[in-house]
Amino acid sequence: MVDTRSSFISQSRVCVFLKALPFLAGVMAMLAVRANAQDSKIDAPKPMVISPSAFRPWDARPRSNIHLLSADPVIKLANRDDMDPSVKPGDDFYRYANGNWLARSVIPAGQQSYDTRAILKEKTSEQVRNLIQEAAATHSAKGSIAQKVGDYYASFMDEVSINAKGLTPLVDEMAAIAAITNKASLSAYLGNTLNSEVDGLTANADHVLGVWINQGFEDSEHNLPHLLQGGLGLPDRDNYLDPSPQMVELRAKYQAHIAAVLKLAGLNDSQNKAARILSLETNMARTFAPDSDAANVFKQNNPWKRADFNVRAPGMDWDAYFKSAGLAGQMDFIVWQPSAVAGVSALVATGDIDQWKDYLRFHLIEHYASVLPRAVASEHFSFYGKTLSGTQQTPNRAGAAVDATNGALPQAVGQLYTQLYFPPEAKTRAQAMVRDLITAFRARIANLTWMSSQTKVKALAKLTALEIGIGYPDIWIDYSTLDIVRDDAFGNMRRAEAFNRLRNLARLKQPVNPIEWPIDAQTPGAVLMFSPNAEFFSAAILQPPYFDSQGDSASNYGSAGAGIAHEISHSFDELGNIYDAHGRLSNWWSAEDLVRFRAEAAQVVEQYDAYCPLVDLCVKGKQVLSENIADLAGLLVAHDAYVLSLKGQTDVVLGGLSGEQRFFLAFAQRWRRIQSEAALRRQITTDTHAPGEYRSDAVRNVDGWYKAYKVEDGDKLYLKSEDRLRIW
Ligand SMILES: [Zn+2]
């Protein structure tokens with residue numbers, strides 16, 4: 001039971017998008033908490049209407065160094081302690097902005113790095129844990145959101161009840177597996193496990209094939225089932241096929257784990273059965289598409305008609321399969337990995353039925369391990385937590401219960417979270433900022449020198465069509481038909497899965513909804529969708545220090561504003577140029593646009609190649625090119641938007657800093673990070689993002705920064721006007 005989504009979120013960092021991670025599909029990109037933020041909060045430029053009750057928990061940090069301005073009843077502070085005013089901004093802007101924070105911060109034990117992202121993640125986890133635990137302690141009215149959240153958590157924590165039930169919750173499902181006698185009944189059972197727990201961000205479905213409902217790659221009018229490979233217990237195909245001693249050892253441990261699980265389930269001959277299960281999975285892995293394919297959306301765009309399955313993937317009884325999957329009448333599909341569908345189907349025909357049945361028994365137990373007796377859960381953790389992930393800690397039941405509750409009832413938890421931490425006023429203010437960003441972006445596109453006028457028409461149409469979700473959905477999922485019972489952990493998980501599956505399959509009969517939220521409000525992150533044409537920024541990422549709904553506009557635009565504009569720019573750069581305004585695959589750049597864009601990009605590579613944090617190691621300009629271009633776009637657009645927001649007025653001076661100064665300061669403070677030398681070396685060698693210091697140095701290319709900080713020829717970061725990058 002590898003929850004790929006949550007492990008993805010915890011593993012990914014900074015702005016991760018499709019080409020950064022091997023298993024990411026080209027269609028969407030998850031940006032977990034961006035490593036950009038600023039801890040300073042400077043006074044709001046103008047009075048705002050504040051709802052007094054709703055705001056306290058949202059930012060309850062002590063405000064000891066608030067200094068009042070007579071004109072402003074809602075005063076924010078600048079955390080000036082983080083800066084090092086002894087550094088000249090034009091010589092080292094990153095250390096001017098962050099020097100004292102860098103000097104006093106310490107990498108937590110067991111970690112390799114520390115940044116605002118880590119702080120924000122921890123803060124949000126605590127907020128979510130507290131509200132779920134409070135819901136569990138409250139015993140709210142049956143049927144309410146709080147009751148469902150609280151009882152889901154409480155049932156998961158009730159290990160006494162879980163242990164007492166033993167494996168009896170699996171009895172019906174085990175009987176269904178025992179009743180499999182031939183290819184047709186095996187196919188029907190497999191169809192029943194076709195789940196909807198995958199999306200364009202997950203690599204390997206938990207069951208044999210996963211389904212994601214989304215618009216077609218070339219059809220923005222209809223939702224279609226996208227079928228993804230799945231069913232392996234190890235994370236990817238190389239774990240099965242790689243002959244290295246390390247992988248041989250991993251496979252031996254996995255086989256031992258399978259045997260241990262079967263033994264716990266009371267099955268005899270567990271050793272032999274484990275070997276046969278591993279053998280079946282290895283045969284499946286041989287047909288799986290390699291991870292590297294995931295970066296190429298054209299390899300995933302395989303429209304199949306229902307009839308194609310019999311011809312191109314013979315073996316499975318597809319009628320039986322789709323009927324029990326709830327897809328009996330479905331005529332059109334997108335098959336992401338045809339070789340895997342054909343491979344699994346062939347194995348249904350040629351494989352031994354008993355081997356399949358043991359495989360299904362094992363994966364059934366694995367899937368529900370978290371809500372089965374402690375011995376099963378411990379064995380699961382021992383392999384997936386310790387052996388595979390290298391976790392040294394003991395399993396944290398409360399943490400797992402929080403994750404499980406979030407996973408089962410994401411938008412129920414999201415409602416409770418936003419009531420406390422992201423009130424409508426916060427959403428309204430962030431949306432106003434986004435409107436300025438869009439206006440500014442429109443003007444930037446119109447003025448681009450490398451984009452032809454015909455392409456600009458298409459770009460502007462795409463910008464107009466772009467949906468940007470802020471904070472949380474306008475319409476929450478209605479959980480009224482989902483029954484959550486306090487002493488039934490297994491039943492709750494099963495009912496929640498069935499609820500989500502039905503809800504997803506129902507979308508096949510509904511029009512495409514570009515604002516179907518792919519991220520939870522309480523997950524600090526953002527998702528950039530190319531298909532449909534939409535981007536989402538969660539409430540949890542729109543909190544201080546990234547964005548402060550009561551805070552200084554200049555800082556908000558310089559931090560969160562630049563981050564949002566960075567993501568918007570990806571829809572118009574070499575990543576987004578293959579998707580049109582409706583999210584259909586269609587390259588809307590001309591060949592000349594590409595040539596001129598790359599000529600500009602070459603100068604970006606050159607600027608970043610020159611940054612060498614270690615004597616023997618320089619930034620690899622090509623590797624981090626896309627991100628640096630987006631950083632520059634984000635900074636320029638956010639600055640334009642900030643100026644727009646002033647409507648011709650001059651921003652107030654706060655803490656001795658002008659609005660312009662606070663804007664750039666906030667940008668530089670987004671990138672603060674301390675890390676070990678090993679982590680820095682790893683980042684430079686493998687990451688598509690440059691170290692924070694150099695991302696912060698993007699300011700060198702902006703004329704406004706020179707003016708704001710009086711940077712002159714002779715200062716170390718000074719660039720002559722003609723050497724400043726103009727790509728956006
Ligand atoms: Zn990016």
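All values derive from a computational prediction rather than experimental measurement.

(A) Representation of the overall build of the protein. Along the protein, the regular secondary structure elements total 29 helices and ten strands. Entry remark: accessible area of the protein is about 28,400 Å², with carbon and sulfur atoms responsible for 54%.

(B) Quick peek at the packing of aromatic side chains. According to the stated counting rule, one finds 43 aromatic pairs in the structure shown. Consider the rings of Tyr-96 and Tyr-709, whose centres lie 5.5 Å apart with planes at 75 degrees: the pair is edge-to-face. Of this pair, Tyr-96 sits in helix 3 (residues 93–104) while Tyr-709 is found in helix 29 (residues 703–709), placing the two residues 613 residues apart along the sequence. Grouping residues by exposure puts Tyr-96 and Tyr-709 together as buried. Taking 6.2 Å as the distance between ring centres and 10 degrees as the angle between the ring planes, the aromatic pair formed by Trp-101 and Tyr-114 counts as stacked. Of this pair, Trp-101 sits in helix 3 while Tyr-114 sits in strand 2 (residues 113–115), and the two are 13 residues apart along the sequence.

(C) Expanded view of the state of the cysteines. Taken as a whole, this structure holds one disulfide when the rule is applied. Put simply, Cys-612 and Cys-618 are joined by a disulfide, and their sulfur atoms are 2.0 Å apart. Judged by the sign of its S-S torsion, about 95 degrees, the bond between Cys-612 and Cys-618 is right-handed. When its relative accessible area of 39% is taken as the criterion, Cys-612 is described as partly exposed. What makes Cys-618 partly exposed here is its relative accessible area of 30%.

(D) Quick look at the pattern of salt bridges. Applying the stated criterion to the full structure yields 34 salt bridges. With a shortest N-O distance of 3.4 Å, Asp-488 and Arg-495 are connected by a salt bridge. Among the ionic pairs, Arg-507 bridges to Glu-516, the shortest N-O distance being 3.7 Å. The buried category is assigned to Arg-507, whose relative accessible area is 10%. Bridged by salt links that share partners, the residues Asp-82, Arg-104 and Arg-672 form one connected network.

(E) Spotlight on the sheet that holds strand 3 (residues 210–215). Here four strands make up an open sheet; going across it, the order is 3-4-6-5 and the pairing mixed. The open sheet is flanked by strand 3 and strand 5 (303–305), the only strands paired with a single partner. Pairwise comparison of adjacent strand axes, ignoring direction, gives a mean angle of 35 degrees for this sheet. Pairing of strand 5 with strand 6 (residues 332–335), which is carried by three bridges, proceeds in the antiparallel orientation. Across the sheet, residue Trp-304 finds its bridge partner in strand 6, namely Phe-333.

(F) Representation of the nonpolar core. Membership of the largest hydrophobic core comes to 180 residues, with the highest contact counts inside it found for Met-284, Trp-356, Leu-542, Phe-664, Trp-705 and Trp-728. Top element by residues in this core is helix 25 (residues 625–645). It accounts for ten residues. Beyond its immediate sequence surroundings of up to four residues, Trp-705 is in contact with Pro-89, Gly-90, Phe-93, Phe-664, Val-699, Arg-700, Lys-710, Val-711 and Leu-717.

(G) Broad picture of the environment of Arg-682. Relative to the helices and strands, Arg-682 resides in helix 27 (residues 677–686). Once you skip the residues sitting within four places of it in the chain, Arg-682 turns out to touch Gln-112 and Asp-687.

Cut-offs applied
- Residues numbered from 1 in each chain as written.
- Predicted model: local features only at pLDDT ≥ 70, side-chain atom pairs only at ≥ 80, totals over all residues.
- Heavy atoms only, no water.
- Helix = DSSP H or I, 4+ residues; strand = E, 2+ residues; numbered from the N terminus.
- Areas by Shrake-Rupley, 256 points an atom, 1.4 Å probe, with all protein chains shown as cover.
- Phe/Tyr/Trp six-rings, centres within 6.5 Å; stacked < 30°, edge-to-face > 60°.
- Buried < 20%, exposed > 50% of the residue type's maximum accessible area, 1.4 Å probe, protein only.
- Disulfide = S-S within 2.5 Å.
- Salt bridge = Lys/Arg side-chain N within 4 Å of Asp/Glu carboxyl O.
- Pairing = 2+ DSSP bridges.
- Axes fitted to C-alpha atoms, helices over the stretch in contact; angles between N-to-C directions.
- Core = buried A, V, L, I, M, F, W, Y, C linked by side-chain atoms within 4.5 Å.
- Contact = heavy atoms within 4.5 Å.

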